[in-house]
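Examination of the molecular architecture
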Amino acid sequence: MSQHRAAGNRVTPGNAARKTGASRHSAKHRVARRNTPSSTQIVGLTAALAAAAGAVGFSHSALSSPTQANTAVNLAAASLDGGQLSGITTARIQARQLATRDSSRVVLAGQDTNKKQAAAAALAKARAAKLTATNALTVSRASALAKAKAAEEQKQRESANRCEMMISGYHITATFGQGGSRWARNHTGTDFAAPVGTPIRSVMRGVVIFADWAGPYGRQVQVRHADGTVTWYNHMSAFLVSVGETVMAGDLVGKVGATGNVTGPHLHFEVRPDGGDPIDPMPWLRSHCGLNP
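Residues numbered from 1 in each chain as written. Predicted model: local features only at pLDDT ≥ 70, side-chain atom pairs only at ≥ 80, totals over all residues. Heavy atoms only, no water.

1. Comments concerning the overall build of the protein
Helix and strand counts for the protein stand at six helices and nine strands. Put simply, the protein has 293 residues, and 28% of those count as buried. A separation threshold of at least 6 residues defines the contact pool for the protein, and within that pool the share at least 24 residues apart is 60%. Carbon and sulfur atoms provide 57% of the accessible area of the protein, an area that totals close to 18,300 Å². (Helix = DSSP H or I, 4+ residues; strand = E, 2+ residues; numbered from the N terminus. Buried < 20%, exposed > 50% of the residue type's maximum accessible area, 1.4 Å probe, protein only. Contact = heavy atoms within 4.5 Å. Areas by Shrake-Rupley, 256 points an atom, 1.4 Å probe, with all protein chains shown as cover.)

2. Describing unusual backbone geometry
A positive phi is found at His235, a non-glycine position, where the angle reads about 65°. By the secondary structure assignment, His235 is in strand β6 (residues 230-239). Overall, His235 belongs to the buried group, its relative accessible area being 5%. Positive phi is not limited to glycine here, since Asp274 has a value of about 55°.

3. Thoughts on the environment of Cys289
Turning to its location among the elements, Cys289 is positioned in helix α6 (residues 281-289). As a C-alpha pair, Cys289 and Met204 span 85 residues in sequence and 8.5 Å in three-dimensional space. Discounting chain neighbours no more than four positions away, the residues touching Cys289 are Cys163, Val203, Met204 and Trp284.

4. Regarding the side chain of Ser202
One can find Ser202 in the loop between β3 (199-201) and β4 (206-213). On the accessibility criterion, Ser202 (0% relative accessible area) is buried. At a separation of 2.5 Å, a polar atom in the side chain of Ser202 contacts the main-chain carbonyl oxygen of Met204. Beyond its immediate stretch of four places on either side in the chain, Ser202 contacts Glu164, Val223, His225, Tyr233, Val247, Met248, Ala249, Gly250, Asp251 and Val253. (Polar contact = N/O pair within 3.5 Å; in protein donor to acceptor, adjacent residues only side chain to side chain.)

5. Structural notes on the pairing of β6
With seven of 10 residues buried, β6 lies mostly within the body of the structure. The pairing of strand β5 (residues 219-225) with β6 spans five bridges and is antiparallel. The residue of β6 that forms the bridge with Val221 is Tyr233. Between β5 and β6, which pair antiparallel one after the other, the connecting turn spans four residues, and Gly228 there sits at a positive phi close to 95°. Pairing between β6 and strand β9 (residues 266-272): five bridges, direction antiparallel. In the strand pairing of β9, Asn234 is matched with His268. (Pairing = 2+ DSSP bridges.)

Spelled out as structure tokens, the structure:
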């Protein structure tokens with residue numbers, strides 16, 4: 001029997017092979033059992049990944065911001081041991097976190113752009129409103145100035161003391177008191193030669209008291225002024241006023257002609273204080289009107 005045991009315990013090549021195979025099988029079985037996750041571990045890993053995936057999915061709905069989604073992913077990752085997360089799972093979580101951060105940056109950039117655009121639009125609107133108000137104020141001021149100027153001109157025009165030269169484009173051909181064969185007696189006014197049709201104006205404000213044919217004076221207009229002085233406008237080709245009409249200084253009363261006793265077209269102008277005898281028009285124009293023909 002001792003020989004049998006010895007024989008049984010004797011190491012032979014066949015026995016050694018069988019023992020080595022049995023040992024490898026046993027070790028492989030033990031490693032497999034250690035590496036195979038239990039059902040509890042599988043459920044936990046699945047729940048963790050679902051939580052992580054759910055956090056990323058909720059970042060656009062249930063979660064109020066991408067930052068909260070990142071926090072959820074981080075918490076899910078932290079709840080797992082390093083051995084439970086594979087390299088692929090970790091990379092996926094990191095990719096999702098990066099995508100969430102990029103999305104957050106895009107959202108913030110868009111919000112900043114919207115704010116800048118809104119601010120620019122508000123500024124442009126304010127500037128337009130200010131420009132409109134400035135233009136309206138300018139128009140209002142211009143209108144007020146124009147009205148004031150017109151009122152002042154009207155006031156001056158209606159002034160009894162304002163004077164205007166009776167004619168323009170003239171040259172003097174005869175003076176007061178001049179004698180000669182052309183007149184029955186000494187000349188009673190001043191002659192201002194000008195082309196036919198040249199406008200004749202009232203020298204001062206007054207009322208037309210005569211507008212008719214006057215023998216050697218031809219067509220004649222007489223205007224009585226505020227101080228009683230009457231001015232005569234003679235040899236006209238046409239009347240532009242009627243008796244009783246009020247005229248201002250510079251208003252048209254007729255046109256230059258060659259009617260009556262004349263040698264050529266001209267205005268024969270006379271000045272008669274209180275409607276009496278004529279006086280030299282030239283000194284009267286200078287002293288009374290400030291005019292110097």
